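Observations on the three-dimensional arrangement
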Amino acid sequence: MADQHANNRFADEATVEPDHIVRARAHALELGAAPVSPAVGAQCAVIAAASQALNIVEIGTGAGVSGLWLLHGSPRATLTTIDNEPEHLGAARKAFADAKVPPARARFITGRASEVLPRMNEASYDIVLVDADPEGVIEYVEHGLRLVRAGGTVLVPRVLAGGAVADPVRRDPVTSAYRSLIQETQASPAVIGALSIVGEGLLQLTTRPSE
């Protein structure tokens with residue numbers, strides 16, 4: 001466990017975070033928004049760049065940190081960010097403006113994801129990042145898999161729940177939901193899944209094209 005903490009600390013410290021994301025992170029922490037770690041943000045940026053993402057949805061803004069990382073990887077993308085906290089969305093809007101993200105490349109939706117996602121067009125997005133309401137993670141991932149195009153990717157940070165998922169004694173609803181999500185998607189023929197243990201963990205699910 002000590003080795004893992006050391007690895008995580010090294011990965012975060014080795015990640016060079018752009019100045020505008022550093023500022024957004026500081027503001028997010030002031031608000032108590034719990035943004036993704038630098039190492040996880042960098043992984044999201046790599047996936048966005050590798051997939052040449054043009055349409056991205058994130059559920060939970062982290063006050064702008066995760067969205068800025070995604071746009072760092074794919075600066076031509078349009079990002080739709082959904083959050084139930086107007087203050088967090090306001091912080092994200094300011095962070096995007098400070099980073100000189102063109103207004104046309106960011107759409108901010110205030111509301112509960114469970115109410116917003118069913119109204120969004122399926123198979124229309126390259127990436128969906130799920131980082132809100134751990135109690136609803138399975139529902140949100142199901143929506144995410146519906147919303148991404150064939151070959152699109154759903155990203156789920158914090159999926160290791162601070163080490164709780166690896167502890168077989170932990171049976172609380174959130175831990176059980178994350179554990180089930182990992183196990184079921186790893187066994188699913190509909191997606192290619194990978195679990196990164198850097199930072200708070202990142203589950204990556206890329207949909208297979210239908211045959």
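That block above? That's the structure.
Below is a summary of the structure that appears in this document. (Residues numbered from 1 in each chain as written. Predicted model: local features only at pLDDT ≥ 70, side-chain atom pairs only at ≥ 80, totals over all residues. Heavy atoms only, no water.)

1. Overview of the nonpolar core
If you look at the biggest cluster of nonpolar residues, it comprises 32 residues, and the most contacted ones within it are Leu70, Phe96, Ile127 and Leu155. Mapped by element, the contributors of at least two residues to this core are helix H2 (19–31), helix H3 (38–50), helix H4 (65–73), helix H5 (86–98), strand E3 (106–110) and strand E4 (125–130). Apart from residues lying up to four places away in sequence, Leu70 is in contact with Cys44, Ala48, Ile56, Glu58, Leu79, Ile127, Leu129 and Leu155. Core analysis: the next-biggest nonpolar cluster, separate from the first, contains 28 residues, Ile82, Leu117, Val159 and Val165 among them. (Core = buried A, V, L, I, M, F, W, Y, C linked by side-chain atoms within 4.5 Å. Buried < 20%, exposed > 50% of the residue type's maximum accessible area, 1.4 Å probe, protein only. Helix = DSSP H or I, 4+ residues; strand = E, 2+ residues; numbered from the N terminus. Contact = heavy atoms within 4.5 Å.)

2. Examining H2
For H2, which comprises 13 residues, the first-to-last C-alpha distance of 19 Å matches the rise-based estimate of 18 Å (1.5 Å per residue) to within 8%. Buried within H2 are the following residues: Ile21, Ala24, Arg25 and Ala28. Projected onto a plane normal to the axis of H2, the buried residues spread over an arc of 105° and lie on a single side. Exposed and oriented more than 90 degrees from the buried face of H2 are Asp19 and Glu30. Its buried side turned inward, H2 meets H3, H4 and H5. (Expected span 1.5 Å × (residues − 1). Arc of directions from axis to C-beta.)

3. Thoughts on the sheet that holds strand E7 (residues 202–207)
Across the sheet, seven strands lie side by side as E3-E2-E1-E4-E5-E7-E6; this open sheet has mixed pairing. Looking at the sheet topology across the chains shown, the edges are occupied by E3 and strand E6 (191–196). Taken pair by pair, the neighbouring strands of this sheet meet at an average axis angle of 15°, ignoring direction. Summarising the sheet, strand E1 (residues 55–59) and strand E2 (residues 78–83) pair through five bridges and their orientation is parallel. Residue pairing in the sheet places Val57 in a bridge with Thr80 of E2. Strand contacts of H4: E1, E2, E4 and strand E5 (148–157), with the helix running at about 160° to E1, the strand carrying the most contacts. (Pairing = 2+ DSSP bridges. Axes fitted to C-alpha atoms, helices over the stretch in contact; angles between N-to-C directions.)

4. Digging into the packing of aromatic side chains
As enumerated under the stated definition, the model contains one aromatic pair in all. A ring pair is formed by Phe96 and Phe108, whose centres lie 5.7 Å apart and whose planes are at 55°; its orientation type is tilted. Of this pair, Phe96 sits in helix H5 while Phe108 sits in strand E3; the two residues are twelve residues apart in sequence, bridging distant segments of the chain. Accessibility expressed as a relative area gives 19% for Phe108, which makes it buried. (Phe/Tyr/Trp six-rings, centres within 6.5 Å; stacked < 30°, edge-to-face > 60°.)

5. Considering the environment of Leu155
One can find Leu155 in strand E5. When its relative accessible area of 0% is taken as the criterion, Leu155 is described as buried. Separated by eleven residues in sequence, Leu155 and Gly144 have C-alpha atoms that sit 8.9 Å apart. Once residues lying within four places of it in the same chain are set aside, the contact partners of Leu155 are Cys44, Ile47, Leu70, Ile127, Val128, Leu129, Val130, Leu202, Leu203 and Gln204.

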